[in-house]
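Structural overview for review
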Amino acid sequence: MAKVYLPADLSRHTGGVEILEIDAPRVRELQQALAARFPALAGEIERFAVAVDGEIYSDAPYHVLTSESEVYFIPRIAGG
Amino acid sequence: MTDRAAPVIGTRPVRHDGVDKVTGRASYGADLAMPDMLHGAVLRSPHAHARILSIDTRAAEAMPGVKAVITAADIPECFATVAMGELPMDMHDGSDNVIARTKVLYHGHVVAAVAATTVDAASEAARRIEVVYDKLKPVLGIDEAIAPDAPILHAGLTAGDWAGQAAGRPTNVASRMELKRGDLAQGFAAADTIVEHEFRTTMVHQGYIEPHACLARYGQDGRVSVWTSTQGPFLVRDQCAAILDIDAAKIKVTPSEIGGGFGGKIVVYLEPLAIALSRKANRPVKMVMSRDEVFRASGPTSGTVIRMKMGATRDGTLVAASASLWYEAGAYRGSPAGAGAMCCLASYKIPNFLIEAYDVVVNKPKVAAYRAPGSPMSTFATESLVDELARTLGMDPIELRLKNAVAEGDKAPYGPAYGPIGLQDVLRAAQRHPHWKAPLGKNQGRGVACGFWFNGGMGSSASVTLGADGSAAVVTGNPDIGGTRVAQAMMVAEELGIPVERVRASVADTDTAGYTDLTGGSRVCYATGMAVIRAARDVRDQLRGRAAKIWDVPIDAVGWDAGRAVPPNGRGDREALTVADLAAQLPKTGGPIVGHAALYAPAAGPGFAAHICDLEVDPETGGSRVVRYTAFQDVGRAVHAGYVEGQMQGGVAQGVGWALNEEYIYADDGVMQNAGFLDYRMPVASDLPMIETVMIEVANPLHPYGVRGVGEVPIVPPLAAVANAMRDATGVRFTELPLSPPRVLNGLEKSSA
């Protein structure tokens, strides 16, 4: 089960739940599982970047997860 | 020509583009001409906020030499989104910023454009366009924008469920984001010392020396060519395609040499206008911004209001922090408030914090990225408060920072743990450096500050071609704003074992380069460099295959050592083959060799810096000058050491200007009063001492050489380093920038009263 950490701007849609475990093969399925559990996340969670085991990607729905993966959703930012 | 044996990475070869640049041969955005070319000029709004009631272009169209006039009516309303690499961009706003449709939202906002046979004819014709406006009251700052009776810029922008804003009500606050950890009340309750201030910074400009310029040709077959000064040729293509509703496959963008970008040449301003004019006139159209236009109508960065509070125990442990960040977005939503929130506490382990960040629209030009967007302003607040805490607790300011500095395994404020990072190494280097203990003179003060930036990754392609003479060429689609061509040549030289003078590095157009994300976000040496290294290794492996063919052995039996294919053990009858030897036999061994790579890199591995600034202040005039400055930075691995130092020095120079003199000065009608370099005062060479640089290398494990992005971090510490030096020199804590002479004098007089 991947361990998932949600920032404040997403946990406001989960009744304050910030850390949870989800069984999903890839980031896409993880996002879908979160949206299924917390419908208010649908449409929101895809707008966030994701850090999987410390590597940060703006948009990586097909990134493979393992049972030990740590996944953080973080706001997207841009450089200059 | 020397035989390449020594490592190349870390050395300082003469830059490949140097001779062209110093002799004036390099071709920038305004340097191209085409037969039959027209010149474009723009009509800009004289008002900061107004509805457009009517536009009459007939008088302009009738003028001699005028071949086309366009308004927003010539461009379809755009509802597309363009993936701008790290963030998607709403092109409805982007398109409206290029040319206003129903409202003008800042002084200088484009209302119409003209193409004519000369620049003067086009400008004169633009002045003849008659526009009827319904003037509205402009909103020129955060306080005005959030006042209960504030004029509203966008009727469709309504408040979310935020404290202090009635949800669903029209607002100028476009968004709010929040980061938190732990229990704030408990954290502050445990603090022995708490400091709190409100900090203010103004809108400032990147100040690139080359204004925006482009040349566009819309062919009768519907194919479009654009020559332009840009950080992202593929982004120009995609933005223009979206705005003009043209198939992107029909647009070719050739990036010119670029005279600075710093984030300000990512969004398009002139290109869609030039293409639309060319389409209407059936001739190429060239457009060049004046400096005045660059200031008024390109993309400066946000002015900010930041309220921040920090608490520490008496041994100097930071226990709590809270911050409210308000960033100007300019005329359309999208400031770097979120990044500011994510960066401001990134250097420290703080168990309890709450940061909220607000994006606020105002009647000023839409802000664009500026080198570590969002981080310098919020870090100014943090590092000023850390300085205050050090003074209150009687602690050495570097020692206090070291006590709380993050290291590998600590969690970033935005969540994940840091990998190998160099903040503690950087602080120790600063502490040990002679600058830290050097005596100060009269009216001089010393300040220190840290800074952080994420550094980007994203997608890049590269190809490396081998010549029959054993030389190589590397091609990417990334405009060179930081010396990346020579860095790429060095990588190929390193991998192939050939002299760096025998490698040519080029930037290609969008039809000939593999797709690459923009030049920006400190990503090119890291991510595109990674692709270059892979492409060069592809060439190397193909060369091993050719040697295997010559020797009639399996490829696995062929070694590679410093530019030579090495025969298998025990085959003393075979000489090693150099790259030149193998290249000479390419036709016989299988034909040309081209190496390719395309990849998507994760975000690069964050960068940390610490700066020490000595400032001398004239108490009679309030004037000040930097008398010594040392910048310490974790650079991962410096490919071209001179270029990395240049990035550090350049960031410092911009940060010092931001701290001491630069500001957008607006009159009450929303017209900028100082839209030129005489009165918008950036540092020039005589304003600054030699900026010393100390590079610390903590290898980034994500990159084969350990490269970390370096270009953006160095602009982050200077605002607070300078302000802390001012505090040390004068005894006065200034919380508003810039520290221009009138402000300093006023502060000194109030303090002594």
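The rules behind these values
- Residues numbered from 1 in each chain as written.
- Chains lettered and ligands numbered in written order.
- Predicted model: local features only at pLDDT ≥ 70, side-chain atom pairs only at ≥ 80, totals over all residues.
- Helix = DSSP H or I, 4+ residues; strand = E, 2+ residues; numbered from the N terminus.
- Rg over C-alpha atoms; globule rule 2.2 N^0.38 Å.
- Buried ≥ 20, exposed ≤ 12 C-beta atoms within 10 Å, placed from the backbone.
- Core = buried A, V, L, I, M, F, W, Y, C linked by C-beta atoms within 7 Å.
- Contact = placed C-beta atoms within 7 Å.
- Domains from an automatic or database assignment.
- Nonpolar A, V, L, I, M, F, W, Y, C, P; charged D, E, K, R; others polar.
- Expected span 1.5 Å × (residues − 1).
- Arc of directions from axis to C-beta.
- Axes fitted to C-alpha atoms, helices over the stretch in contact; angles between N-to-C directions.
- Parallel < 35°, antiparallel > 145°, perpendicular 65-115°, else oblique.
- Pairing = 2+ DSSP bridges.
- Right-handed = clockwise from strand over helix to strand, strands pointing away.
- pLDDT = per-residue confidence, 0-100.

Description of the overall build of chain B
Counting its regular elements, chain B contains 21 helices and 28 strands. Relative to the compact-globule value of 27 Å for 753 residues, chain B shows a C-alpha radius of gyration of 27 Å, a close match. Based on the C-alpha atoms only, the size of chain B along its principal axes is roughly 90 × 75 × 50 Å. Burial statistics for chain B: of 753 residues in total, 57% are counted as buried.

Some details on the nonpolar core
All names here are of chain B. One finds Val114, Val360, Val492 and Val722 to be the most contacted residues of the largest nonpolar core, which totals 268 residues. Counting residues per element, this core draws most heavily on helix H16 (residues 524–551), at 13 residues. Apart from the residues within four sequence positions on either side, Val360 is in contact with Ile142, Ala145, Ile146, Asn172, Val173, Ala174, Trp326, Tyr327, Glu328 and Ala329.

Examining the domain arrangement of chain B
Residues and elements named next belong to chain B. The domains assigned to chain B are domain 1 (18–25 + 459–601), domain 2 (38–136 + 210–259 + 265–297) and domain 3 (304–455 + 603–752). Computed over C-alpha atoms, the centres of domain 1 and domain 2 are 40 Å apart. Tallied by class, residues from the side of domain 1 that touches domain 2 come to 5 nonpolar, 6 polar and 3 charged.

Details of unusual backbone geometry
Negative phi values dominate among residues other than glycine, just as trans dominates among peptide bonds. The omega angle of the peptide bond from Leu737(B) to Pro738(B) is 0°, so this bond is cis rather than trans. Turning to its location among the elements, Pro738(B) is positioned in the loop between helix H20 (718–730) and helix H21 (741–752).

Some thoughts on helix H11 (residues 375–393) of chain B
Residue and element names in this part refer to chain B. Compared with an ideal rise of 1.5 Å per residue, which puts 19 residues at 27 Å, H11 spans 26 Å between its outermost C-alpha atoms and is within 8% of the ideal. The buried fraction of H11 amounts to 15 of the 19 residues, a majority that puts the element mostly inside the structure. Gly394 sits one or two residues past H11 and shows a positive phi near 70°.

What about helix H12 (residues 397–404) of chain B?
All names here are of chain B. Residues Pro397, Ile398, Leu400 and Arg401 constitute the buried set of H12. Buried residues of H12, viewed axially, fall in a sector of 160°; they line one side. On its buried side, H12 packs onto H11, helix H13 (423–432), helix H14 (434–437) and strand E18 (444–453).

Examining the packing of helix H3 (residues 91–98) of chain B against helix H7 (residues 233–244) of chain B
For any two helices packed against each other, the geometry comes down to the angle between their axes and how far apart the axes lie. All names here are of chain B. Closest axis-to-axis distance for the H3/H7 pair is 10 Å, and the angle between their directions is 85°. When the axes of H3 and H7 are compared, the pair comes out roughly perpendicular. Judged by residue contacts, Met91, Gly94, Ser95 and Val98 of H3 engage Gln239, Ala242 and Ile243 from H7. Its residues assigned to classes, the contact of H3 with H7 shows 4 nonpolar, 3 polar and no charged.

Examining the interface of chain A and chain B
In this complex, chain A contributes 18 residues to the contact, which on the side of chain B involves 30 residues. Counting residues per element, the ones that place at least two in the side of chain A that touches chain B are helix H1 (8–11), strand E4 (55–57) and strand E5 (70–74) of chain A. Counting residues per element, the side of chain A that touches chain B draws most heavily on E4(A), at 3 residues.

Some thoughts on the sheet that holds strand E21 (residues 503–507) of chain B
Residue and element names in this part refer to chain B. Strands sit in the order E21-E20-E19-E25 across an open sheet of 4 strands; the sheet is mixed. Since the sheet does not close on itself, it has two edges, and those belong to E21 and strand E25 (594–601), each with one partner. Adjacent strand axes in the sheet meet at a mean angle of 15° when their direction is disregarded. When strand E19 (residues 458–466) meets E25, the two strands line up antiparallel, connected through 8 bridges. Residue pairing across strands places Ser463 opposite His596, the latter belonging to E25. Contacts between helix H15 (residues 484–496) and the sheet are confined to E19, strand E20 (472–476) and E21, with E21 contributing the most and set at about 140° to the helix. H16 contacts E19, E20 and E25 of the sheet and is inclined by roughly 145° relative to E25.

Section: the sheet that holds E5(A)
All names here are of chain A. Read across the sheet, 5 strands follow the order E2-E1-E5-E3-E4 without closing on themselves; strand pairing throughout is mixed. The open sheet is flanked by strand E2 (19–22) and E4, the only strands paired with a single partner. Between one strand axis and the next, the sheet turns by 25° as a mean value, whatever way the strands run. Of the strand pairs in this sheet, strand E3 (residues 49–52) and E5 are connected by 4 bridges, and their pairing is antiparallel.

Here we look at the pairing of strand E12 (residues 224–228) of chain B
Residue and element names in this part refer to chain B. For E12, the buried fraction is high: 5 of the 5 residues fall into the buried class. Residues Val224, Val226 and Thr228 point to one face of E12 and Ser225 and Trp227 to the other, with burial holding for every one of them. As judged from the 5 bridges shared by strand E11 (residues 213–218) and E12, these two strands associate in the antiparallel manner. Following the sheet pairing, Cys214 is matched in E12 by Thr228. Turn length for the E11-E12 hairpin, with the two strands adjacent in sequence and antiparallel, is 5 residues, and the turn residue Gly222 shows positive phi of about 85°. When E12 meets strand E13 (residues 251–255), the two strands line up parallel, connected through 5 bridges. Within E13, the residue paired with Thr228 across the bridge is Pro255. For the crossover that starts at E12, traverses H7 and ends in the parallel E13, the hand is right-handed.

Description of the confidence of the model for chain B
Detail in the predicted coordinates should be disregarded across regions flagged by low pLDDT. Mean pLDDT over chain B: 95, with 98% of residues reaching 70 or higher. In the predicted assembly, ipTM is 0.95 and pTM is 0.96.

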